[in-house]
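Close look at the chain arrangement
Next come the chains, spelled out residue by residue.
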Amino acid sequence: IFAERGFATTRVEDILERAGVARRTFYKYFSSKEAVLAAIYELATGELIAGMQAASAGAEADPLEAIQLGLDAYLDYHLAHGPLLRVLVQQAVRSDSPLAPLRARFREGLVQLLDTAVRASGRPAQDPVFYRALISAVEGVSLELLTTESGPKDVARAKAALHLLLEKTLRS
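Residues numbered from 1 in each chain as written. Predicted model: local features only at pLDDT ≥ 70, side-chain atom pairs only at ≥ 80, totals over all residues. Heavy atoms only, no water.

**Let's talk about the overall build of the chain**
In plain terms, the rule: Every helix listed is a DSSP run of H or I at least four residues long, and every strand listed is a run of E at least two residues long, numbered separately from the N terminus. The buried label goes to any residue with under 20% of its type's maximum accessible area, the exposed label to any with over 50%, and the partly exposed label to all in between, with areas taken from a 1.4 Å probe on protein chains only. By definition in these notes, contact holds between two residues if any of their heavy atoms fall within 4.5 Å. The Shrake-Rupley method, run with a 1.4 Å probe, gives the accessible areas here. Residue values count only the displayed protein chains as cover. When charges are counted, Lys and Arg are positive and Asp and Glu negative, with His and the chain ends excluded. In plain terms, the charge of a residue is placed at NZ if it is Lys, CZ if Arg, CG if Asp and CD if Glu.
Of regular secondary structure, the chain possesses nine helices and zero strands. Overall, the chain shows an N-to-C arrangement of helices and strands of α-α-α-α-α-α-α-α-α. Each of the three principal axes of the chain carries a C-alpha extent, and together these read 55 × 30 × 30 Å. The 172 residues of the chain split such that 40% are buried. In the chain, once contacts between residues fewer than 6 apart in sequence are set aside, the share between residues at least 24 apart is 63%. As displayed, the chain has an accessible area near 9,400 Å², and 57% of this comes from carbon and sulfur atoms. Each charge sign in the chain was given a centre, from 20 positive and 21 negative side chains, and these centres are 4 Å apart.

Structure, rendered in structure tokens:
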């Protein structure tokens, strides 16, 4: 329902109707529609991290390739769950959103994954700001893909651009 109507226009009543649950049952588990969105965000980011880790596991010999595979998995996940993730990310980037602290924790988890992979490559650790900039670039590309009519060629171009960014910054 959030993906169809957007967060602002979705009401608790809409959620109740779509889920087929009684108001009392809803409030037993959630205090508000914001709490529902936060639960969905936690689930989605958990799945995303797990997918990135699984994708990068096949490149243990080359940690930088593992990063590339993880970034590819990030974009693939966003495209597979586009309409809902667009709502989640748009809400999470707002500093006044209840998702903002969850986003900060998610991004710090990604910083740790990147730092671990870079150190495993034998290269010195980077400033965490570098990792945050890379994460912001991936997030921005993903949002752009989510808000435009994007096809497989657009996703391939985005992946190639991010791979080039990694090559230029981490391999040199």
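Alright, that's what it looks like, and here's the rest.
**A look at helix α5 (residues 63–80)**
Put simply, the test is: Expected span of a helix, by definition, is 1.5 Å for each gap between consecutive residues, and there is one gap fewer than residues.
An ideal rise of 1.5 Å per residue puts 26 Å on 18 residues; α5 measures up with 25 Å between its terminal C-alpha atoms. Counting buried positions over the 18 residues of α5 gives 13, a clear majority of the element.

**Points about the packing of aromatic side chains**
What counts is decided by this rule: Stacked, tilted and edge-to-face are the three classes applied to pairs of Phe, Tyr and Trp rings, where Trp contributes its six-membered ring and a pair requires centres within 6.5 Å; stacked means planes under 30 degrees apart, edge-to-face means over 60, and tilted covers the rest.
Evaluated as defined, the whole model comprises four aromatic pairs. Consider the rings of F2 and F7, whose centres lie 5.6 Å apart with planes at 35°: the pair is tilted. Here F2 falls in the buried class, since its relative accessible area comes to 3%. Looking at F7, the relative accessible area reads 14%, which means it is buried. Seen from their ring centres, F26 and Y27 are 5.0 Å apart, and the 90° between their planes marks the pair as edge-to-face.

**Some words on the layout of surface pockets**
Selection rule: Detection works on a 1 Å grid of protein atoms alone, calling trapped sets that fit a 1.4 Å probe cavities and calling open sets with protein on both sides within 12 Å along at least five of seven lines pockets, with lining residues defined by an atom within 4 Å of a point. Grid points are joined across faces, edges and corners, and a volume is the space filled by probe spheres set on the points. Under this grouping Gly is polar, as are all residues other than the nonpolar Ala, Val, Leu, Ile, Met, Phe, Trp, Tyr, Cys and Pro and the charged Asp, Glu, Lys and Arg.
Approximately 320 Å³ is the volume found for the largest pocket. What lines the largest pocket is a set of 20 residues, and nearest its centre among them are S56, I67, L113, L114 and A117. Of all elements in the fold, only α4 (33–56), α5, α7 (100–120) and α8 (128–147) reach the threshold of two or more residues within the lining of the largest pocket. Here the residues of the lining of the largest pocket sort into 14 nonpolar, four polar and two charged. Size it by volume and the second largest pocket reaches roughly 160 Å³.

**Notes on helix α9 (residues 152–170)**
To be explicit about the condition: Working definition: the arc comes from the directions between the helix axis and the C-beta atoms, pointing outward to the latter.
For α9, spanning 19 residues, the distance from its first C-alpha to its last is 27 Å, which sits close to the expected 27 Å at 1.5 Å a residue. The set of residues buried in α9 consists of V155, A158, K159, L162, L166 and L170. Taken down its axis, α9 places every buried residue within 95° of arc, on the same side. Seen from the open side of α9, the exposed residues pointing more than 90 degrees away from its buried face are K153, R157 and K168.

**As for the side chain of D115**
The condition is simple: Any N or O atom pair separated by 3.5 Å or less is treated as a polar contact, with the protein-specific requirement of one donor-capable and one acceptor-capable atom, and with residues adjacent in sequence counted only for side-chain atom pairs.
Relative to the elements of secondary structure, D115 occurs in helix α7. At 2.8 Å, the side chain of D115 forms a polar contact with the side chain of R119. In contact with D115, other than residues within four places in its own chain, are A125, Q126 and Y131.

**Examining the side chain of S32**
Inspection of the secondary structure puts S32 in the loop between α3 (23–29) and α4. Assessed through its relative accessible area of 19%, S32 is described here as buried. A polar contact is formed between the side chain of S32 and the side chain of E34, at a distance of 3.1 Å.

**Focus: the nonpolar core**
Convention followed: Take the buried residues of types Ala, Val, Leu, Ile, Met, Phe, Trp, Tyr and Cys, join any two whose side-chain atoms come within 4.5 Å, and each joined set is a nonpolar core.
Counting residues in each nonpolar core, the largest one holds 46 residues, and the members touching the most others are I67, Y74 and L99. Broken down by element, this core gets its largest block of residues, eight residues, from α4. Ignoring sequence-local partners within four residues, the contact set of Y74 consists of L48, M52, F106, L110, V138, E139 and S142.

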